[in-house]
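Here is what each chain is made of, one letter per residue.
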Amino acid sequence: MSIPVAIGSTFFGCMSNVVFLELLVKEDPGIGNLITFSQFFLIALHGFIFTAKCGTKKPSISVKGYMILVAMFFVTNVLNNYAFDLNIAMPLHMIFRAGSLIANMVMGVIILKKKYTLDKFISVGMITAGITICTIVSGQDVKKTVVHGVVQNTSELEDFFWWCLGIACLTIALFISARMGIYQETLYKQHGKHPQEALFYTHLIPLPWFLCLYSNLKEHTLMAFESEPLPYIGFGIPGTIIDFGHVYFLTTECSSLTVTLVITLRKFASLLFSILYFSNPFTLYHWIGTLLVFIGTIIFTEIPQKVQQMTAPKKATKKAKKTKTN
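These numbers were taken from a predicted model, which means no experiment stands behind them.

Definitions and limits used
Residues numbered from 1 in each chain as written. Predicted model: local features only at pLDDT ≥ 70, side-chain atom pairs only at ≥ 80, totals over all residues. Heavy atoms only, no water. Helix = DSSP H or I, 4+ residues; strand = E, 2+ residues; numbered from the N terminus. Buried < 20%, exposed > 50% of the residue type's maximum accessible area, 1.4 Å probe, protein only. Areas by Shrake-Rupley, 256 points an atom, 1.4 Å probe, with all protein chains shown as cover. Core = buried A, V, L, I, M, F, W, Y, C linked by side-chain atoms within 4.5 Å. Contact = heavy atoms within 4.5 Å. Phe/Tyr/Trp six-rings, centres within 6.5 Å; stacked < 30°, edge-to-face > 60°. Lys NZ or Arg CZ within 6 Å of the ring centre and 35° of its normal. pLDDT = per-residue confidence, 0-100.

**Q** It is not clear to me how the overall build of the protein chain should be interpreted in this structure. Could you clarify?
**A** If you tally the helices and strands in the protein chain, you get 13 helices and two strands. Scored against the burial criterion, the 326 residues of the protein chain give a buried share of 43%. Element-wise, carbon and sulfur atoms account for 68% of the exposed surface of the protein chain, whose accessible area totals about 18,400 Å².

In structure tokens form, the structure reads like this:
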């Protein structure tokens, strides 16, 4: 696949995912686990056919080796899903999850004994400050608790309690995800990289665990099928089911720099769209916090330096060609 197509599909595909995810969450804040189960099932089905060759191909890494990775992956997804059901608005959810670099750095220092340069600490400080500002400001305007799609007549203190619990879920998920990355790195050093196989088994193994969430899945499946049909469809298909189908747009490969840059820009564009289209509350302090997060991310990932490195050889080559011509 060409780079422009890859960038386009990542940028617009992921943005459309965020849009339809927010449509789903606004319709039913507790639908996250149903979305995750469907995602796990479809990816496992695809992997069973094309990666495992219908079970005939043995894994390069033992299933036992995947178990710890799978447990962390499953818990992270469930916690992030429950955050939507705990009064966490989509913009704050996106900003908070953009702070994964903080968790990665903390885990790297504690577990891998890594040492970071001053610019890394400055960038992480900016990200931390940005997330803190957005969290504090959002805490002053917590949305009402919604159960089964119905706004509850709860007090501000109750709403704030559930919001705090949502923030706790996002924080725990952030650090578990960082620990998962370190474990995955260790696993790959021992057995080599097998991304497609890892994708398959990390989505296949947790499927039985969703039985623990059976009542939740059943409840929100029924709610999805009972949702109002979209007016422009005309076939009586529930609107939630239509939105549901758009969430699973799978993107493809690019260089690490391109991926980092595109994902950073995509997150920012998704945030802007969420604020403007869905009229999510966003103050001047939110903008300051958001800019701190994204500027800090760009500094941490060294995008400016890498762009210079990529363009420098080209300039040198052009100069060399001119010299030969003369």
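**Q** Got a minute to help me understand the nonpolar core in this structure?
**A** It is characteristic of soluble globular proteins that their nonpolar side chains tend to be buried jointly. Core analysis: the largest hydrophobic core is formed by 28 residues, its most contacted members being I88, I95, I131 and L271. Take this core: its biggest share by element is five residues, from helix α4 (residues 90–97). Beyond its immediate sequence surroundings of up to four residues, I95 is in contact with I131, C134, L271, F282, T290 and V293. In this structure, M180, F200, Y201 and I205 belong to the second largest nonpolar core, which totals 27 residues.

**Q** Sorry, what's going on with the packing of aromatic side chains here?
**A** How two aromatic rings sit relative to each other is set out by the distance from centre to centre and by the angle between their planes. Scanning the entire structure with this criterion turns up 12 aromatic pairs. Between K120 and the ring centre of F300, over which it is positioned, the NZ or CZ distance is 4.6 Å.

**Q** Quick question: what am I supposed to make of the confidence of the model for the protein chain here?
**A** Note that predicted coordinates carrying low pLDDT should not be read in detail. Averaged over every residue, the pLDDT of the protein chain is 78; residues scoring 70 or more account for 76%. Segment residues 241–259: pLDDT under 50, and 44 contacts once partners within four positions in sequence are set aside and those in other chains are kept.

**Q** Please explain unusual backbone geometry as it appears in this structure.
**A** Glycine aside, the phi torsion of most residues is negative, and most peptide linkages are trans. Even without being a glycine, K53 presents a positive backbone phi close to 50 degrees. The exposure class assigned to K53 is partly exposed, which follows from its relative accessible area of 46%. Notably, K113 is not glycine yet its phi reads approximately 55 degrees, a positive angle. Mapped onto the secondary structure, K113 falls in the loop between α5 (100–110) and α6 (118–139).

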